[in-house]
Amino acid sequence: MAADEPLVLGIETSCDETGVGIVRGTTLLADAVASSVDTHARFGGVVPEIASRAHLEAMVPTIERALKEAGVAARDLDGIAVTSGPGLAGALLVGVSAAKAYAYALGKPLYGVNHLASHICVDQLEHGPLPEPTMALLVSGGHSSLLLAPDITSDVRPLGATIDDAAGEAFDKIARVLNLGFPGGPVIDRLAKEGDPAAIAFPRGLTGPRDAPYDFSFSGLKTSVARWIEAKRAAGEEVPVRDVAASFQEAVVDVLTRKAVRACKDEGVDHLMIGGGVAANSRLRALAEERCERAGIRLRVPRPKLCTDNGAMVAALGAEMVARNRLPSDLELSADSSLPVTEPHVPGTAHGHGHSHDHDHVHEISKDNLYS
């Protein structure tokens, strides 16, 4: 770690975690997270307004905790990075507002960055600089995407994405049908280890010869599993929860890894990076390792804590923006709940006013649409 590498603070509030990370170059100095997941558990999913209020309460204490953990003062920072999209509009606005306030008060450059690009860039904190291009499989509660990134700061290309339910969303819904609580991913992963993944032949979505090779669909799988469970219950039979969990999980990770390895081969890329919350799944990691090894592809997966939403990933991408002299965002930066992955960050103009392209715009905010 060199003292002249950029020291950047990152803020992540796209969903229910208030994450604040501090990095110097590609070295992680602090990763502070305040989660409101327990508050949402009784509702069976994330409630946007509750998440936004939790971010408001947690923001300043979490930033102070990160600065203390990193052993740096706010004035020493070289930049402030923040997730400006995609995500829940109200939650994003809390993070963006905080980042703008700190950047303005400290006189530091502001970088509004893309949540998905950040999930790719976080791997630099564990395995060093990303290869160029990087093939990334991102799987979370809101996204299942295959992305090719020749340059993580300026050139991210979507190859495929989910056309309905994301992988993490399917885990949550099946956990709900099985009365396992929320979030569903960790408990299904745990129960699946005691079940038989070949016990039930659940469908593999979009794997036919005429299907889009890199797109994902988990809605049909979710419906199939739910109907299978309902049929068992209707017949008065006991549902083999562990076998259902293992067979469902196998159907998801089989499709994810198969398509990711195919994309690497088709694009001539010998590395695969897996990120996002579902990348913490033990079976996904094991099957990806097995298939990548067979195909001669090097697998890069960050440790589980860096796979879920966190401020370290935002800081990592922010530090890369500073290192590559990317144009900072304007203080007019706003949240964009549908910011496309093709925009790794939202640059301002050299004069600090105006906007460089269509997506960098200030959304009209009212009580009606704040949490839409």
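Criteria and cut-off values
- Residues numbered from 1 in each chain as written.
- Predicted model: local features only at pLDDT ≥ 70, side-chain atom pairs only at ≥ 80, totals over all residues.
- Heavy atoms only, no water.
- Helix = DSSP H or I, 4+ residues; strand = E, 2+ residues; numbered from the N terminus.
- Rg over C-alpha atoms; globule rule 2.2 N^0.38 Å.
- Buried < 20%, exposed > 50% of the residue type's maximum accessible area, 1.4 Å probe, protein only.
- Contact = heavy atoms within 4.5 Å.
- Pairing = 2+ DSSP bridges.
- Axes fitted to C-alpha atoms, helices over the stretch in contact; angles between N-to-C directions.
- Parallel < 35°, antiparallel > 145°, perpendicular 65-115°, else oblique.
- Core = buried A, V, L, I, M, F, W, Y, C linked by side-chain atoms within 4.5 Å.
- Expected span 1.5 Å × (residues − 1).
- Lys, Arg positive; Asp, Glu negative; His and termini not counted.
- Salt bridge = Lys/Arg side-chain N within 4 Å of Asp/Glu carboxyl O.
- Polar contact = N/O pair within 3.5 Å; in protein donor to acceptor, adjacent residues only side chain to side chain.
- Nonpolar A, V, L, I, M, F, W, Y, C, P; charged D, E, K, R; others polar.

Let us now look at the overall build of the protein chain. Helix and strand content of the protein chain: twelve helices and eleven strands. At 21 Å, the protein chain has a C-alpha radius of gyration in line with the 21 Å of a compact globule built from 372 residues. Oriented by its inertia axes, the alpha-carbon framework of the protein chain measures out at about 65 × 45 × 40 Å. A buried classification covers 53% of the 372 residues belonging to the protein chain. Expressed as a percentage of contacts within the protein chain between residues at least 6 apart in sequence, the contacts between residues at least 24 apart total 71%.

The next thing to look at is the sheet that holds strand β3 (residues 27–35). If you trace the six strands from one edge of the open sheet to the other, you get β3-β2-β1-β4-β5-β11, paired in mixed fashion. A strand with exactly one partner marks an edge of an open sheet, and here the two such strands are β3 and β11 (345–346). Running at roughly 160 degrees to strand β4 (residues 79–85), helix α3 (residues 89–106) makes contact with β1 (7–12), β4 and β5 (110–114) of the sheet. Together, β1, β2 (17–24), β3, β4, β5 and β11 form the strand contacts of helix α12 (residues 311–323), whose direction differs from that of β1 by roughly 135 degrees.

The next thing to look at is the pairing of strand β9 (residues 271–275). A large share of β9 lies buried, amounting to five of its five residues. Burial along β9 is two-sided: His 271, Met 273 and Gly 275 facing one way and Leu 272 and Ile 274 facing the other are all buried. Two elements, strand β6 (residues 134–139) and β9, share four bridges in a ladder whose sense is parallel. Considered in β9, the bridge of Met 135 is made with Leu 272.

For the rest of this paragraph, the subject is the packing of helix α6 (residues 167–177) against helix α9 (residues 241–267). Two elements in contact, α6 and α9, have axes separated by 11 Å at closest approach and are oriented at 175 degrees. Compared by their axis directions, α6 and α9 come out roughly antiparallel. Packed against α6, whose contacting residues are Ala 167, Ala 170, Phe 171 and Ile 174, the element α9 presents Phe 248, Gln 249, Val 252 and Leu 256 at the interface.

What follows deals with the environment of Pro 340. Turning to its location among the elements, Pro 340 is positioned in the loop between α12 and β11. Pro 340 sits 255 residues away from Gly 85 along the chain, and the two C-alpha atoms are 8.1 Å apart.

Before going further, it helps to spend a moment on the nonpolar core. Counting residues in hydrophobic clusters, the biggest one holds 50 residues, and the most contacted among them are Leu 137, Phe 248, Leu 256, Leu 272 and Ile 274. For this core, the elements supplying multiple residues, two or more each, are β6, β7 (144–151), α6, α7 (185–192), α8 (219–234), α9, β9 and α10 (282–295). Per-element accounting of this core gives the leading share, 13 residues, to α9. Filtering out sequence-adjacent residues up to four positions away, Ile 274 remains in contact with Leu 137, Val 139, Ala 279, Leu 284, Ala 288, Leu 299, Arg 300, Val 301 and Pro 302.

Right, let's get into unusual backbone geometry. Following Gly 85, the chain continues into Pro 86 via a peptide bond in cis, with omega recorded as -15 degrees. Relative to the helices and strands, Pro 86 is located in the loop between β4 and α3. Even without a glycine there, the phi angle at Asn 179 is positive, about 60 degrees. The residue Asn 179 is located in the loop between α6 and α7 in this model. Although it is not a glycine, Asn 325 adopts a positive phi angle of roughly 55 degrees. Residue class for Asn 325 comes out exposed when judged on its relative accessible area of 69%.

Take α3 next. Its 18 residues place the ends of α3 26 Å apart at the C-alpha level, agreeing with the 26 Å of an ideal helix rising 1.5 Å per residue. If you check which residues of α3 are buried, you get Ala 89, Gly 90, Ala 91, Leu 92, Leu 93, Val 94, Gly 95, Val 96, Ala 98, Ala 99 and Ala 103. Elements that come into contact with the buried residues of α3 comprise β1, α2 (48–70), β4 and β5. One or two positions beyond α3, positive phi appears at Gly 107, with a value near 70 degrees.

Here we take up the side chain of Asp 330. Along the chain, Asp 330 falls in the loop between α12 and β11. The side chain of Asp 330 sits in the buried core without any salt bridge; Lys 100 is the nearest counter-charge, 10 Å away. Looking at Asp 330, its side chain comes within polar contact range of the main-chain nitrogen of Thr 349, at 3.3 Å.

Running from N to C, α6 and α8 cross one another at 10 degrees; their axes reach a closest spacing of 10 Å. Here α8 runs roughly parallel to α6, going by the angle between their axes. Here Lys 173, Ile 174 and Val 177 of α6 lie close against α8, whose contacting residues are Lys 222, Val 225, Ala 226, Ile 229 and Arg 233. Here the residues of the contact of α6 with α8 sort into five nonpolar, no polar and three charged.

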